[in-house]
Structures are given as C-alpha cells and as structure tokens.
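Read off the chains here:
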2 protein chains.
Amino acid sequence: MTIITGVDVYDVRFPTSLSADGSDAMNKDGDYSAAYVVLTTDGALRGHGFTFTIGRGNDLCAEAARQRAQPLIGRDVDEILDDLGRTYRELAADSQLRWLGPEKGVVHLAMAAVMNAVWDMAARRAGVPLWRLLVDMTPEQLVDAADLRYLSDALTRDEALEILRSGLSSRTARIADLEDRGGYPCYTTSAGWLGYSDDKLRRLLQEAVDEGYHHVKLKVGADLDDDVRRLRIAREVIGWDANLMIDANQVWDVPEAIEWVGRLAEFKPLWIEEPTSPDDVLGHARIRREVAPIGVATGEHGMNRVLFKQMFQAEAIDFCQLDAARLASVNEIISVYLLAHKFGVPVCPHAGGVGLCELVQHLSIFDYVAVSGSLENRVTEYVDHLHENFVDPCIVKNGHYLLPTQPGYSAEMHAETIATYTFPTGSYWSEASAASLAAASVGVPGSVSTG
Amino acid sequence: MTIITGVDVYDVRFPTSLSADGSDAMNKDGDYSAAYVVLTTDGALRGHGFTFTIGRGNDLCAEAARQRAQPLIGRDVDEILDDLGRTYRELAADSQLRWLGPEKGVVHLAMAAVMNAVWDMAARRAGVPLWRLLVDMTPEQLVDAADLRYLSDALTRDEALEILRSGLSSRTARIADLEDRGGYPCYTTSAGWLGYSDDKLRRLLQEAVDEGYHHVKLKVGADLDDDVRRLRIAREVIGWDANLMIDANQVWDVPEAIEWVGRLAEFKPLWIEEPTSPDDVLGHARIRREVAPIGVATGEHGMNRVLFKQMFQAEAIDFCQLDAARLASVNEIISVYLLAHKFGVPVCPHAGGVGLCELVQHLSIFDYVAVSGSLENRVTEYVDHLHENFVDPCIVKNGHYLLPTQPGYSAEMHAETIATYTFPTGSYWSEASAASLAAASVGVPGSVSTG
C-alpha cells in the first residue's frame with residue numbers, strides 16, 4: 001500500500017512584467033505566477049498541479065491549496081485515485097472553505113491546483129498521459145468523476161452518459177486522425193500583447209504566418225485609434241483568409257463594448273473575447289446579439305460550471321474558453337465540455353500564463369476523442385512563454401499541439417525553476433531584492449519589479 | 001495632517017459549532033469568524049472593519065485584507081476619506097489581486113473588510129454614525145462613491161442621480177418617521193437553526209412572538225419529513241397572520257428546489273431563501289416562476305453588483321438579501337440599492353454571523369431615508385448572537401433596530417474579544433488546544449472543535 005505523505009506548496013513567480021509579455025488593457029504589469037502543488041507519497045509516485053495567477057496574492061492561493069490538500073495526507077493512494085469523483089466531492093464538501101467562495105476565487109483556484117495534482121498522480125500511476133487516462137475511462141467512470149451538481153436543469157446524468165456513449169466506438173479512430181493531422185490545432189497570442197511596439201507586432205505576426213498559424217489574436221480596448229492601427233497592420237501581414245481574433249480583457253461596460261467592437265468590425269474579427277465582466281451572462285448575450293456576425297468568446301475568468309451553464313442557456317457565447325487552472329480541475333471541466341456539446345458551443349480553451357498550454361492540450365484531445373468528436377470552429381490557445389520551466393513541455397509544430405506521450409498531466413516543473421523563482425526566497429527574487437536595495441541606497445530608481 | 005500609519009489584522013474565530021448555532025443544510029459546523037481590520041493613524045482616529053466567514057480560511061481573508069490595505073499606509077487621512085470613490089477605485093485597480101476574483105471570493109471579502117474600515121473611519125472623523133454620514137451626502141457625492149462599473153446597461157449615472165434627487169427633500173421627514181416607529185423593522189432567525197430540537201424550536205418561536213416579531217425564519221432542506229414537521233410546529237406557534245420564511249442554504253438543484261418547495265407550500269412561506277447555487281441567475285428566475293406566489297430570496301452569497309444586476313434584469317428574485325461584508329463595502333452596496341430601487345425589488349439585508357447586524361442596520365436606514373423611501377416588504381434580518389463582542393452593539397426592541405447614535409459603522413470589537421478569540425493564539429483557542437491534547441493523551445475523544 002502506498003500512502004500520500006504530504007503536500008509541498010510553492011509560490012512561484014516569474015518577472016514577466018519586465019518585458020510586457022502578457023500585457024493587456026486590464027492587466028498591464030503581471031508577473032506570471034503559479035501556486036504549485038506537489039503531492040508526495042512513501043513510494044516514487046508524485047502528483048504535480050498548479051493554479052495560475054499574475055503575481056500578488058499567489059501566496060493566498062498557495063496557502064489555500066495547502067489547506068485544501070490536508071484531507072489527502074495519510075490516505076491510501078489507491079483509495080484516493082480509484083474514485084476521483086468521490087475524492088473531489090470530499091474536498092469540495094468542506095463547508096468552512098466553501099463559504100469563502102462558494103466555488104469561486106482563491107479557494108476554487110486552490111481546489112484546481114490540488115485536484116490537478118491528484119489527476120496528474122492518477123495518470124502517472126497508470127503510466128499514461130492524462131488525455132489517454134481520460135479516453136480510456138468508460139462513460140460511467142467519466143460521469144462519476146464529473147461534478148454535475150447544480151446542472152440538472154440543463155444536463156442530466158442520463159444525457160451526459162448518452163453523449164459519451166455515442167462516441168465510444170469511434171474513439172480509437174479519432175486518436176489516429178489527430179496523429180495523422182499532426183496534433184490538435186492551435187492559435188497564437190504571442191504576437192499581440194498590448195505593450196509591444198508596431199514593429200515588434202508586425203515581425204511577430206509574420207513569424208506566426210511563417211510557422212503555419214491560421215489564427216492570431218490581438219489585445220484591444222485601451223485606445224480605439226491604436227486598435228484600428230494595430231488591426232490594420234495585422235490584416236496587412238496575415239491577409240484576409242486567416243482568422244483574426246481580438247481580446248478586450250473585460251475593460252468595457254456592455255453598451256461601450258457594442259459600440260467599440262462596431263468600430264473594429266471592418267477588420268472582420270472572428271471573435272471578440274472578454275468584452276465585459278466575466279460574470280455578466282446577460283451582458284454577453286446582448287453583446288452577442290448586437291455584434292453578430294462577430295462571435296463572442298469568454299471563459300478564462302469563468303469561475304465555475306454554473307456560470308458556463310448559464311452562458312449556454314442564455315446563448316451568450318459562440319466560443320467557450322474554459323481555463324484548466326480556474327475551474328476545479330478535470331472533475332468540473334468534464335461537466336463544462338458535456339454542457340458545451342449539448343448546447344452546440346465549441347470549446348477553445350484559454351492558455352498561456354504559466355503552464356496552461358501544458359494542461360489544455362490534454363483537455364482538447366479528450367474533447368475531440370470522447371465528447372464532441374469535432375474540430376469545427378475549435379482551436380486552442382498557444383502562447384510561447386515559460387515552457388522551458390516544465391519537465392514535459394508541450395510541443396507545437398505547424399500550428400498544432402503534438403499529442404503528449406509522457407505519463408501525467410505535463411504539470412511538473414524543473415527543480416531549478418522552483419529554486420530560482422519561488423517568491424520571495426528563490427535565487428532570482430532574493431538577488432533582485434538585494435539589487436533593488438543597492439540601487440535605492442545609491443539613489444538610482446529601482447529597476448526591478450518585485451511582484 | 002493625520003497620517004494612516006498601519007493596518008492591524010486579526011483572525012477572530014468563535015466556537016459556535018459547539019452549540020449548533022448557525023447550523024443549516026449546507027453548513028453544519030461553522031465557527032463564526034471575522035477577518036477584522038483596524039486602520040491606525042498617528043492621531044486618535046481609528047477605522048474598524050471586517051468580513052465574515054465560518055472558520056477555516058479566515059486566515060486567508062485576514063492576509064488578503066493586509067495586502068489590500070497596503071496602499072493606504074502612509075497616506076493623509078483627509079486625502080483618503082474626502083473621496084471614498086477614488087480610494088475604493090485605487091484599491092480595486094490592483095490588477096494582480098483582481099486576477100484572483102475578479103471581484104469575488106477571498107480578495108473581494110478582503111476588500112469589504114478594508115473598505116468597511118475606511119467608511120467607519122470616515123463616519124468617526126465626521127463624529128456621526130455611518131447611516132447619518134450617508135444621508136448627509138449629496139446625490140452627487142453618493143454617486144461618485146458608488147461603484148457603477150459594468151452597470152450602465154441597467155443603470156446609468158444620470159438615472160442614479162435622479163433616484164437620489166427625487167427623495168432628497170423628504171430625507172429629514174423619513175428619519176423622524178423611523179424614530180417614531182421605534183426603528184427599522186427586523187425579523188429573527190435565532191429560532192430556526194437546523195440543529196435545534198423541536199422543543200427548543202417551539203420555545204424560541206414563542207419567545208419571538210412574545211418579543212413582537214411578525215416574521216420568523218426556519219432552515220430547511222436536509223430532510224423533507226423533518227421540514228414538514230418543523231413548519232407545522234412553526235405555524236402552530238406563530239399562527240397564520242405572521243410571516244414564515246424558509247431558507248435552504250443552496251442545497252438543491254433547480255428541479256429539486258421546485259419540487260421540494262412545492263411540498264412545503266401548504267405552510268404558505270413568504271419566501272424561499274437560497275434555493276440553489278447563489279450564482280444561478282437563470283435558475284432562480286425559473287424557480288421564481290414555478291413556485292409563485294411564494295417569493296424567492298437570495299443574496300448573502302451574492303458575490304458582487306454584476307450578479308445582482310442580472311438577478312434584477314432576469315426578474316429572478318422577489319427579495320434582495322445583500323451582505324455588508326461580502327459586497328465590497330458601502331461603495332458597491334450603494335449601487336445595489338440603486339439597482340434594486342430601479343427594478344422595484346425590496347432589499348432585506350442578510351445579517352447574523354459576526355457583526356453583520358451591527359453593519360446592516362446602517363444600510364437599511366440609508367435605504368429608507370435616501371433611496372427607496374419605502375418600508376413595504378422590507379424587513380432586515382436579526383440574529384441574537386455575539387453582539388456582546390462589539391463596543392457599540394445594535395439594539396433591537398419590539399422587532400425593530402433602534403437607530404444607532406455613536407460615531408462610526410458599529411464595527412469595533414472589544415479588546416478582550418480580540419485577546420480571547422484570535423485564532424490560534426488567543427486565550428480561548430490556546431486553552432482549547434491544550435485541553436484537546438490532554439483529552440487525547442488519556443484516550444478521551446477530543447470534545448473541542450479547533451476550527
């Protein structure tokens with residue numbers, strides 16, 4: 001018998017604000033961060049998971065994850081991993097922690113980090129990548145793992161089973177199909193951060209075209225004239241056959257979103273992403289009606305499955321961008337995929353940040369093989385940042401994620417990364433702090449953001 | 001010039017789980033807690049605020065409040081208090097902390113704690129109770145303080161001003177009217193916790209009737225037969241002219257809520273409270289359509305103004321139960337009152353917990369005097385717990401909150417309370433821990449919950 005002996009939690013922060021990587025109209029100076037969880041056992045088995053934040057407060061998620069994981073310690077690994085639905089429900093049932101959400105914010109991000117580590121451990125125990133673990137599960141096993149609470153007015157357990165059973169016989173053929181295609185299709189956001197100059201934008205867009213991308217995404221929403229100029233550059237570089245997406249990162253009220261997007265319609269964006277508050281189901285529905293045929297996309301801040309249920313019920317979105325580290329891990333994500341399929345909305349997961357690309361590649365493959373059976377209107381985000389910190393980084397070629405082959409959820413970070421970027425004790429931050437103090441002592445403005 | 005010199009934050013927990021006070025179908029063993037904030041200055045002025053939780057994770061809120069408050073330290077008190085809208089927006093604009101919500105969960109609870117303390121300080125500086133500070137503000141000042149972001153599709157700034165201007169000339173008369181009535185009407189939940197025996201229920205209901213209450217509330221949702229028996233007892237004691245409310249604390253899916261409430265309809269409840277997920281706007285709207293004429297109430301877990309906006313737009317609720325420590329203080333609460341008034345929904349604030357009664361009495365008075373001008377269908381929750389821990393506790397007589405008279409937001413706790421109940425170092429918890437260890441060492445099951 002193998003026992004879970006502990007949980008190690010790390011507050012890992014990367015100084016991305018120095019290069020304006022990740023800058024947008026709402027978030028100008030993020031330091032991409034992960035509250036990183038390692039579940040340890042008395043054997044060789046480990047489980048790695050994380051949630052993603054942009055700096056300050058990452059310590060709150062780390063501490064919440066430590067508290068969330070306590071019920072796992074001392075338990076038999078097989079008991080925890082043989083019924084992942086029961087394990088999830090046991091952790092979620094802590095009514096004191098639940099009060100702090102419920103099912104949203106820091107405690108939900110922490111639930112994602114912990115259960116992502118549990119799923120990583122389950123895939124490692126089975127010796128397969130997570131996507132393979134999922135597509136090898138029966139419809140009953142998947143539905144038992146899914147969190148269907150509060151969803152039965154939109155999706156019953158029987159409907160969920162029916163969706164999964166209908167695609168069961170063709171799973172093997174669809175895996176082969178993905179391998180033939182060179183993986184799962186993706187798009188790039190690496191070119192379009194708001195803090196980049198026009199020259200850098202033009203160069204990166206050309207690189208994206210050269211690398212085989214048919215979709216690129218630009219940040220908008222800070223200044224209308226800037227947006228017009230940048231979208232004109234984008235169309236000059238990528239032409240009119242490729243797809244151009246725009247992302248406002250929640251800066252607008254509903255009427256403002258409708259007017260602003262109307263002014264950008266000439267550039268024929270495929271979607272406007274996060275036009276307003278991520279909580280505003282009815283607001284998104286109205287924006288969608290008024291900016292059609294431009295699609296509406298949201299989800300990276302979609303707090304839980306109840307929000308997505310309503311987005312589908314209200315016909316509020318054309319693209320569902322669920323987040324692998326904000327929803328409470330695979331248990332909740334299965335439910336959102338099933339809901340999306342029932343309502344006919346394609347899922348194009350949010351990625352980027354720290355390690356989100358590593359996670360979502362597994363989810364997109366699962367969706368195609370076991371749930372939707374479709375690639376139509378589906379494309380998964382890819383951002384070329386920070387992959388070097390992962391032991392099993394995602395591999396993108398010709399605008400496709402290659403199918404992961406190593407056991408687990410691709411969530412493990414290098415030991416050197418932890419040693420360097422753990423905040424504030426890692427070598428990077430302690431040296432930055434020393435340099436900042438030294439600069440201050442000689443009257444030079446501190447040149448280092450300390451998160 | 002007076003300067004804000006620091007923020008002291010306390011993780012205060014009361015061992016309420018020992019007596020089943022506060023027990024309901026979702027939360028069986030809460031230890032009522034407050035993440036308590038004291039803003040200090042280099043003068044005598046202080047600001048006291050808190051958010052409310054039920055135990056574990058209260059430390060997360062306390063630490064988040066400490067981080068939230070940092071931008072206030074070293075600042076001129078007058079600069080911070082003369083423009084409370086600007087102060088709120090400055091704290092809310094921290095994009096790194098925003099990422100952890102946005103505007104929900106731990107970071108939003110922490111925002112409530114900090115800005116509650118700022119409003120307390122503002123009322124103390126003016127030498128008046130908070131409700132008086134608010135009703136002495138001009139419509140322009142109130143709208144400038146309100147957080148109207150993401151609301152303009154439902155409420156414009158001009159509409160907000162118009163609402164406040166229309167009642168301006170009669171504010172003085174309505175204050176006098178409240179004084180004549182003996183305060184603001186309230187109802188009691190003290191009788192109806194789920195963990196109480198039938199005998200205790202019957203006794204407490206009779207006491208409520210004797211004390212002049214016309215509204216009582218019972219917890220439901222754990223067992224249908226129990227609910228039928230308890231509601232029968234309630235009607236036997238209070239008769240059919242008094243109002244009976246029921247509260248399920250989010251335990252049902254939407255179809256289950258409709259069916260269960262239907263089985264309790266014979267007891268003619270005024271409202272069903274929290275029938276399902278607090279995030280489910282469309283679910284509440286459907287429940288409301290199907291259980292009419294029983295009303296639907298929710299809001300104690302209403303995460304922010306965007307959720308309430310949608311509850312009103314979707315005609316999902318008959319009673320709005322906003323929470324003074326979950327919404328981000330008076331700044332966000334003003335907006336919800338204005339929205340509620342525009343959509344014709346009465347606000348009956350959630351209270352109980354730790355100190356929520358102390359806060360909401362000010363808000364209800366503000367609503368009557370400056371916003372709605374109505375008491376119709378309005379009744380504010382009152383729970384007779386833990387008031388002895390406050391320096392200026394609310395006073396309830398004949399089913400009415402008396403108008404507070406002391407300066408501030410009634411949020412200050414006694415120093416002895418802090419010394420006793422700060423977790424885990426306060427005298428209560430350190431002794432409980434010692435007793436628990438002693439019991440464990442002689443083989444007796446630990447009788448003390450340690451939160």
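Residues numbered from 1 in each chain as written. Chains lettered and ligands numbered in written order. Predicted model: local features only at pLDDT ≥ 70, side-chain atom pairs only at ≥ 80, totals over all residues. Heavy atoms only, no water.

- Where an unreviewed UniProt entry is consulted, chain A appears under the name L-fuconate dehydratase, with the organism given as Herbiconiux ginsengi.
- According to the UniProt record, the Catalytic activity (unreviewed entry) comment for chain A reads "L-fuconate = 2-dehydro-3-deoxy-L-fuconate + H2O".
- Annotation of chain A in UniProt includes, under Cofactor (unreviewed entry), the sentence "Mg(2+)". (UniProt positions renumbered as here; feature names shortened; annotations may be inferred.)

Regarding the overall build of chain A
Phase 1 of the analysis: Regarding its fold elements, chain A presents 18 helices and 12 strands.
Phase 2 of the analysis: A compact globule built from 451 residues should have a C-alpha radius of gyration of about 22 Å, and chain A, at 21 Å, falls within 12% of that.
Phase 3 of the analysis: Oriented by its inertia axes, the alpha-carbon framework of chain A measures out at about 65 × 65 × 45 Å.
Phase 4 of the analysis: Looking at chain A as a whole, 65% of its 451 residues qualify as buried. (Helix = DSSP H or I, 4+ residues; strand = E, 2+ residues; numbered from the N terminus. Rg over C-alpha atoms; globule rule 2.2 N^0.38 Å. Buried < 20%, exposed > 50% of the residue type's maximum accessible area, 1.4 Å probe, protein only.)

Regarding the relation of the copies chain A and chain B
The two chain copies are related to each other by a rotation about an axis together with a translation along it.
Phase 1 of the analysis: Note on the identical chains: chain A maps onto chain B by a rotation of 180° and an axial translation of 0.0 Å, with an RMSD of 0.0 Å. The operation mapping one copy onto its partner corresponds to a two-fold rotation axis. When C-alpha distances to the rotation axis are compared across chain A, the minimum falls at A:Gly105, with a value of 2.2 Å.
Phase 2 of the analysis: Of the residues that chain A buries at the interface, 100% are likewise interface residues in chain B, meaning the two copies contact each other through the same surface. (Least-squares fit on C-alpha atoms with pLDDT ≥ 70 in both. Contact = heavy atoms within 4.5 Å.)

Here's the deal with the packing of aromatic side chains
Phase 1 of the analysis: Taken as a whole and judged by the stated rule, the model has 28 aromatic pairs over all chains.
Phase 2 of the analysis: Between A:Trp271 and A:Phe319, the aromatic rings sit 4.8 Å apart at their centres with planes inclined by 50°, giving tilted as the arrangement. Of this pair, A:Trp271 sits in strand β7 (residues 271–273) while A:Phe319 sits in strand β9 (residues 319–320); the two residues are 48 residues apart in sequence, bridging distant segments of the chain.
Phase 3 of the analysis: Assessed through its relative accessible area of 0%, A:Trp271 is described here as buried.
Phase 4 of the analysis: Of the residues examined, A:Phe319 reaches a relative accessible area of 6% and is grouped as buried.
Phase 5 of the analysis: Ring centres of B:Trp252 and B:Trp260 lie 5.3 Å apart, and the angle between their planes is 40°; this geometry places the pair in the tilted category. Each member of the pair B:Trp252 and B:Trp260 is classed as buried. (Phe/Tyr/Trp six-rings, centres within 6.5 Å; stacked < 30°, edge-to-face > 60°.)

Quick notes on helix α16 (residues 356–371) of chain A
Since the α-helix advances by 3.6 residues per turn, residues separated by three or four positions end up pointing in the same direction.
Phase 1 of the analysis: For α16(A), spanning 16 residues, the distance from its first C-alpha to its last is 21 Å, which sits close to the expected 22 Å at 1.5 Å a residue.
Phase 2 of the analysis: Of all the 16 residues making up α16(A), 16 are buried; the element is thus mostly covered by neighbouring parts of the structure. (Expected span 1.5 Å × (residues − 1).)

Considering the pattern of salt bridges
Residue and element names in this part refer to chain A.
Phase 1 of the analysis: Inspection of the entire model under this criterion finds 62 salt bridges over all chains.
Phase 2 of the analysis: Asp-59 is paired through a salt bridge with Arg-13; the nearest N and O atoms lie 3.6 Å apart. On the criterion of sequence distance, the pair formed by Asp-59 in helix α1 (residues 58–69) and Arg-13 in strand β1 (residues 4–13) is long-range, its members being 46 residues apart.
Phase 3 of the analysis: Residue classification places Arg-13 among the buried positions, given a relative accessible area of 3%.
Phase 4 of the analysis: The salt bridge partner of Arg-181 is Asp-177, with a shortest N-O separation of 3.0 Å. In this pair, Arg-181 and Asp-177 are both assigned in helix α9 (residues 171–181), 4 residues apart and thus about one turn of the helix distant. (Salt bridge = Lys/Arg side-chain N within 4 Å of Asp/Glu carboxyl O.)

Re the environment of B:Gly57
Phase 1 of the analysis: Note that B:Gly57 resides in the loop between β3 (46–53) and α1 (58–69).
Phase 2 of the analysis: Judged by relative accessible area, B:Gly57 falls into the buried class, the value being 0%.
Phase 3 of the analysis: Sequence separation between B:Gly57 and B:Val228 is 171 residues, and the spatial gap between their C-alpha atoms is 35 Å.
Phase 4 of the analysis: Residue contacts for B:Gly57: discarding those within four places in its chain leaves A:Gln67, A:Leu97, A:Leu100 and B:Arg13.

Regarding the packing of α9(A) against α16(A)
Residues and elements named next belong to chain A.
Phase 1 of the analysis: One can describe the packing of α9 onto α16 by two numbers: an axis separation of 8 Å at closest approach and a directional angle of 140°. Comparing their axes, α16 and α9 come out oblique. Two packed elements cross with a definite hand, and for α9 against α16 that hand is right-handed. Contact residues: α9 offers Arg-171, Arg-174, Ile-175, Asp-177 and Leu-178, while α16 offers Ile-365, Tyr-368, Val-369 and Ala-370.
Phase 2 of the analysis: Split by residue class, the contact of α9 with α16 holds 6 nonpolar, no polar and 3 charged. (Axes fitted to C-alpha atoms, helices over the stretch in contact; angles between N-to-C directions. Parallel < 35°, antiparallel > 145°, perpendicular 65-115°, else oblique. Left-handed = near helix turned anticlockwise from the far one by under 90°. Nonpolar A, V, L, I, M, F, W, Y, C, P; charged D, E, K, R; others polar.)

Brief notes about unusual backbone geometry
Phase 1 of the analysis: In this chain, A:Gly101 is followed by A:Pro102 through a cis amide linkage whose omega measures -15°.
Phase 2 of the analysis: With respect to the secondary-structure elements, A:Pro102 resides in the loop between α4 (95–98) and α5 (105–126).
Phase 3 of the analysis: Between B:Ala292 and B:Pro293 the backbone carries a cis peptide bond, its omega angle lying at 10°.
Phase 4 of the analysis: Here B:Pro293 is to be found in the loop between α13 (281–291) and β8 (295–298).

Looking at the sheet that holds strand β3 (residues 46–53) of chain A
All names here are of chain A.
Phase 1 of the analysis: Taken in spatial order, the 3 strands make up an open sheet running β1-β2-β3, and their pairing is antiparallel. The open sheet has two edge strands, β1 and β3, and neither has a second partner. Adjacent strand axes in the sheet meet at a mean angle of 15°, parallel and antiparallel pairs treated alike.
Phase 2 of the analysis: Sheet analysis places strand β2 (residues 33–41) next to β3, joined by 8 bridges and oriented antiparallel. Note that in β3 the partner of Val-38 across the bridge is His-48.
Phase 3 of the analysis: Of the strands in this sheet, β1, β2 and β3 are in contact with α1, which crosses β1 at around 170°. (Pairing = 2+ DSSP bridges.)

Remarks on helix α12 (residues 254–263) of chain A
Phase 1 of the analysis: Listed in full, the buried residues belonging to α12(A) are A:Val254, A:Ala257, A:Ile258, A:Trp260 and A:Val261.
Phase 2 of the analysis: Contacts made by the buried residues of α12(A) are with α11 (224–238), β7 and α13 (281–291) of chain A together with α14 (305–313) of chain B.

A look at the side chain of A:Asp227
All names here are of chain A.
Phase 1 of the analysis: Note on placement: Asp-227 falls in helix α11.
Phase 2 of the analysis: In this structure, Asp-227 is buried with no salt-bridge partner, the nearest side chain bearing the opposite charge being Arg-230 at 4.9 Å.
Phase 3 of the analysis: A polar side-chain atom of Asp-227 sits 2.8 Å from the main-chain amide nitrogen of Gly-221.
Phase 4 of the analysis: Not counting the four nearest positions on each side in its chain, Asp-227 is found in contact with Lys-219, Val-220, Gly-221, Ala-222, Trp-260 and Leu-264. (Lys, Arg positive; Asp, Glu negative; His and termini not counted. Polar contact = N/O pair within 3.5 Å; in protein donor to acceptor, adjacent residues only side chain to side chain.)

Quick notes on the side chain of B:Thr41
All names here are of chain B.
Phase 1 of the analysis: Relative to the helices and strands, Thr-41 resides in strand β2 (residues 33–41).
Phase 2 of the analysis: Take Thr-41: its relative accessible area is 6%, and that puts it in the buried class.
Phase 3 of the analysis: A distance of 3.0 Å separates the side chain of Thr-41 from the backbone nitrogen of Gly-43, its partner in a polar contact.
Phase 4 of the analysis: In this structure the side chain of Thr-41 is engaged in a polar contact, spanning 2.9 Å, whose partner is the backbone oxygen of Leu-45.

Digging into the domain arrangement of chain A
All names here are of chain A.
Phase 1 of the analysis: Partitioning chain A into structural domains gives domain 1 (4–129) and domain 2 (163–401).
Phase 2 of the analysis: Taking only C-alpha atoms into account, the centre of domain 1 sits 24 Å from that of domain 2.
Phase 3 of the analysis: With 31 residues of domain 1 in contact, the opposing surface of domain 2 contributes 34 residues.
Phase 4 of the analysis: Across the domain 1/domain 2 interface, buried area totals approximately 2,600 Å², and carbon plus sulfur atoms make up 66% of it.
Phase 5 of the analysis: With a shortest N-O distance of 2.9 Å, Arg-305 and Glu-103 are connected by a salt bridge.
Phase 6 of the analysis: Taken together, the elements giving at least two residues each to the side of domain 1 that touches domain 2 come down to β2, β3, α3 (84–92) and α5.
Phase 7 of the analysis: In terms of residue count, α5 provides more of the side of domain 1 that touches domain 2 than any other element does, 7 residues in total. (Domains from an automatic or database assignment. Buried area = accessible area lost by both parts, 1.4 Å probe.)

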